[in-house]
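Coordinates in review
Residue strings, one per chain:
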Amino acid sequence: MTKLDAKIPEGPLAEKWSKYKASMNLVNPANKKKLDIILVGTGLAGSAAAASLGELGYNVKVFCFQDTPRRAHSVAAQGGINAAKNYKNDGDSTYRLFYDMIKGGDYRAREANVYRAAEVSNETIDQLTAQGVPFARDYGGTLDNRSFGGVQVSRTFYAKGQTGQQCLLGAYSGLCRQINKGTVKMYSRREMLDLVLVDGKARGIIARNLVTGEIERHSAHAVILATGGYGTVYYLSTLAVNSNGSAAWAAYKKGAFWGNPSFIQIHPSSVPVLNDYQSKLTLMSESLRNDGRVWVPKKKGDKRPANDIPEEERDYYLERRYPAYGNLVPRDVGSRAAKERCDAGYGVGDTGLSVNLDFKDAIAKQGEKAIENKYGNLFEMYEKITGINPYKEPMRIYPAGHYTMGGLWVDYNLMTTIPGLFAIGEANFSDHGANRLGASSLMQCSGDGYFIIPNTITNYLADQIRIPRFDTNTEDFEKAEKAAKERIDKLLSVNGKQTVKSFHKRLGLILWDYCGMARNEEGLKKGMKLIDELEKEFWNDVKVPGIADELNQELEKAVRVADFFEIGKLMIIDALNRNESCGAHFREESQTEGGEAKRNDEKYSYVAAWEYKGSDQKPELHKEDLKYKYVEVKVRDYK
Amino acid sequence: MNIKLKIWRQENPKAKGKFMDYSLEDVSPEMSFLEMLDALNTKLIINGDNPVAYEHDCREGICGCCSLYINGHPHGKGERTTTCELHMRSFTDGETIVVEPWRAKAFPVIKDLIVDRNAFDKIMAAGGFISVNTGSAQDSNAILVNKEHADEAFDSASCIGCGACVAACKNASAMLFVSAKISQFALLEQGKIEGMQRVQKMVSKMDELGFGNCTNTYACEAECPKGIKVTNIARMNRQFIAAKVGSQKQD
Ligand SMILES: Cc1cc2nc3c(=O)[nH]c(=O)nc-3n(C[C@H](O)[C@H](O)[C@H](O)COP(=O)(O)OP(=O)(O)OC[C@H]3O[C@@H](n4cnc5c(N)ncnc54)[C@H](O)[C@@H]3O)c2cc1C
Ligand code: SF4
Ligand code: FES
């Protein structure tokens, strides 16, 4: 087993980043335009990075599969973005934000990276504000804050329930400005199919033009992946339906290690599964739990309408079990508590697979107008989907797949194990350990993009200024292009009888059942067997209509689903390996008497980084040991 | 319920498109419109036909991908609803539903129901930003913004760039989209500085790209899924005139 080197700078925690910046290698402004950077992904992480790298003078080529960068999945983030501004004077600080994230992540994240994420959060809010993001304000004209789960301060900045949209549009406008200046060239409707290495370094990508089907070669001195998370592996999730893990997976197969693949956050509050043809689960933001109270009937199988159930017959189970944090417990805790009640027969709705989120008390106290001001668009969204008015009746919610803490392993430079390949935003594994706290992804994505990667990539590129632009007419590119084409042809030639979607849906169910909110050895092994079988069936019986050289949405899906089988299997391998419960990863074998997650720090205080060893080989496990010097590792307790 | 569909099919930008008729049985009123189209596509694929191409991603009304002209209305008839938020309960059993792409010179059809809306990005690149480099921002609370202005700026900023306003307009004007961005920045202290250049650059790019003029019919406002108001257009026009006068003075 090789040792992973996270390249954490020496020195005290709070000084690491400033020391790094003070001593890093630089590229002279005139040389920057000779250096090409490929950036895949235009979510908050990618757009922020593209704008910032363009400003620095690099020659940036940006890719996304949507028709325009502004539609990246970040646009859907609702509740808010954190920063340690302490505008509320409630005792917040960089250290406290760092501490909350380390604890929230159940002591499975790397201290130095998390501290840096907290450190740049303030600059990030300033940057977004200056760019014209219309954050909510108080009457005095200053910015307002609200609270999110798992913390006891108010540090979340927000723009109604559309914070992601507003932050992304801010970063996108910066990206547009650079397109105008000619430092950034935008390649929309392109899907990265493979990563190209030259002499062991990331030097390019193979992309499919989604309009013409043409396979393109692009070269650069370095490649950044900002391709988001793979939560759609469950088929039904809160993510945009085209989100996928394929770009990162291609990098994994070329040698980038994958960190903690099984750490997937199941968000406690989504509109529940209502019927069989449902294609998407819509999130009901965590911010709603600032005012909404979660409950189920005290009586098993109580089918009365929620409003007919008197107060004393309601079980506000979060307030009961976790009096200190109440309805604002972290997501993993909230999700498991909902599952526990529903599994025990107390769930509500036709399927019994949902719980109530009730605004009755908040409306009585603050008035309907105040609630509408805070959550108007979410209430409207809920009513559009379900036909139920949440001002009058409680919402019904249930956990749903939401966010992948796992992702490409990166060091302090946000560089993967492939030199010259960087991963930022949700695509990396870096900052959230085994569980992410609300509003900290937008924070991480923008911090990575605006403030971290522009420095760390410069440090990497400093010794490359003499390397001329890369030719794509080489064997390396040739080979990668050929492999990508062959895979497409193979998918098109199966010509079976079942749609891609039907396979994705079945795969999702397997993973949800056996590698979802609760996992055990027997189930995981069974899940693995089922996926193996389904994957074989897919390659024998999938029907991908049309041809390669055209706009072919079924083909796009097929490529992604083919990868999801493999990603799903790696999730299971990782979940099997980690015989402890931590954060979102709940191994039933490892729980306290009260049903809380039980970590095993002695054996598992490490990041599991997996190395691809070929399609018929088991991946190899590398461990990055986690050492905590600045926080005391404790049992995570929200009671 | 059972429904009939008349859907615009067009193989590629150059091909001549035409309406094709389909029928779909067992449609549940709880299905979203896109889930209904998914069901149609499943049927087409299994029968060996080519599925209908249409754009979508978030399926919750925020990304602006979905873009269908349904029974004569962009995003269908529902008020403040995107196509992905539309449910089959708003249609009746036996109904014939006509589905077309956005029709506008500046939005050419790529395939079936998918159009090219890249012109919006070009307008944005012309001036839809505040020129602030990363790292040069001051503390957020050093910029005070009147709450009402901030809230109004947010309302304008909630445009999803779907293009329904263009599709709804008989002149295919992009005024609502452009004015929403202009207004957002005009209402915020940090956006005011470049206001005059911004409005000129964005408007001239819009004209250059083949969008039509605004003749105040307000179909855009009526069809906008995000409730963007035509008062934005009035604000933009005022700014534009002020900018023209201003630049003449400078000359
Ligand atoms: C419903 C919802 C609400 C959320 N709310 C919040 C919140 O309130 N606060 C918070 O902090 N976090 C929130 N999150 C999480 C947060 O939104 C995401 O983690 C974050 O936006 C991810 O951003 P990103 O830049 O890493 O990637 P994304 O925004 O997912 O962007 C991925 C980009 O990569 C591109 N891409 C991917 N693969 C390829 C490929 N093969 N080829 C070319 N391009 C590719 C896509 O086109 C896209 O541009 C929420 C998540 C969801 C699902
Ligand atoms: S103004 Fe309305 S209709 Fe026009 S692009 Fe924006 S959201 Fe769509
Ligand atoms: S699919 Fe995103 S707005 Fe309709």
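What this report covers is the structure whose coordinates are included nearby. (Residues numbered from 1 in each chain as written. Chains lettered and ligands numbered in written order. Predicted model: local features only at pLDDT ≥ 70, side-chain atom pairs only at ≥ 80, totals over all residues. Heavy atoms only, no water.)

Considering the overall build of chain A
- Of the regular secondary structure elements, chain A holds 18 helices and 19 strands.
- Computed over C-alpha atoms, the radius of gyration of chain A comes to 24 Å, within 12% of the 26 Å expected from 2.2 N^0.38 for 639 residues, which places it in the range of a compact globule.
- For the C-alpha atoms alone, the extent of chain A along its principal axes is close to 75 × 60 × 50 Å.
- The buried share among the 639 residues of chain A stands at 68%.
- Pairs at least 24 apart in sequence give 74% of the contacts found in chain A among residues at least 6 apart.
- In the structure as shown, chain A presents an accessible area of about 21,600 Å², 48% of it carried by carbon and sulfur atoms. (Helix = DSSP H or I, 4+ residues; strand = E, 2+ residues; numbered from the N terminus. Rg over C-alpha atoms; globule rule 2.2 N^0.38 Å. Buried < 20%, exposed > 50% of the residue type's maximum accessible area, 1.4 Å probe, protein only. Contact = heavy atoms within 4.5 Å. Areas by Shrake-Rupley, 256 points an atom, 1.4 Å probe, with all protein chains shown as cover.)

Digging into the sheet that holds strand 17 (residues 421-423) of chain A
Residues and elements named next belong to chain A.
- What the five strands build is an open sheet, ordered 5-2-1-9-17; its pairing is parallel. Each of the sheet's edge strands pairs with one partner strand only, and the pair in question is strand 5 (184-187) and strand 17. The mean angle between the axes of side-by-side strands here comes to 20°, regardless of whether they run parallel or antiparallel.
- Bridge count between strand 1 (residues 36-40) and strand 9 (residues 222-225): four bridges; the pairing is parallel. (Pairing = 2+ DSSP bridges. Axes fitted to C-alpha atoms, helices over the stretch in contact; angles between N-to-C directions.)

Here's the deal with the site of ligand 2
All names here are of chain B.
- Around ligand 2, 13 residues are found, and the nearest of them are Cys159, Cys162, Gly163, Cys165 and Cys224.
- Broken down by secondary-structure element, the contributors of at least two residues to the shell around ligand 2 are helix 4 (164-168) and helix 5 (175-187).
- Residue composition of the shell around ligand 2, grouped by class: 11 nonpolar, two polar and no charged. (Near = heavy atom within 4 Å. Nonpolar A, V, L, I, M, F, W, Y, C, P; charged D, E, K, R; others polar.)

Considerations on the environment of A:Pro9
All names here are of chain A.
- Tracing the backbone through its elements, the reader meets Pro9 in the segment before helix 1 (16-23).
- For the pair Pro9 and Lys19, spaced 10 residues apart in sequence, the C-alpha to C-alpha distance is 7.9 Å.
- Apart from residues no more than four positions distant in its own chain, Pro9 is found in contact with Lys16, Tyr20 and Tyr412.

Section: the environment of A:Pro297
Residue and element names in this part refer to chain A.
- The topology assignment puts Pro297 in strand 12 (residues 293-297).
- Accessibility expressed as a relative area gives 1% for Pro297, which makes it buried.
- Sequence separation of Pro297 and Glu312 is 15 residues, and the distance between their C-alpha atoms is 9.4 Å.
- When sequence neighbours within four positions are dropped, the list of residues in contact with Pro297 reads Asp302, Ile309, Glu313, Asp315, Tyr346 and Val348.

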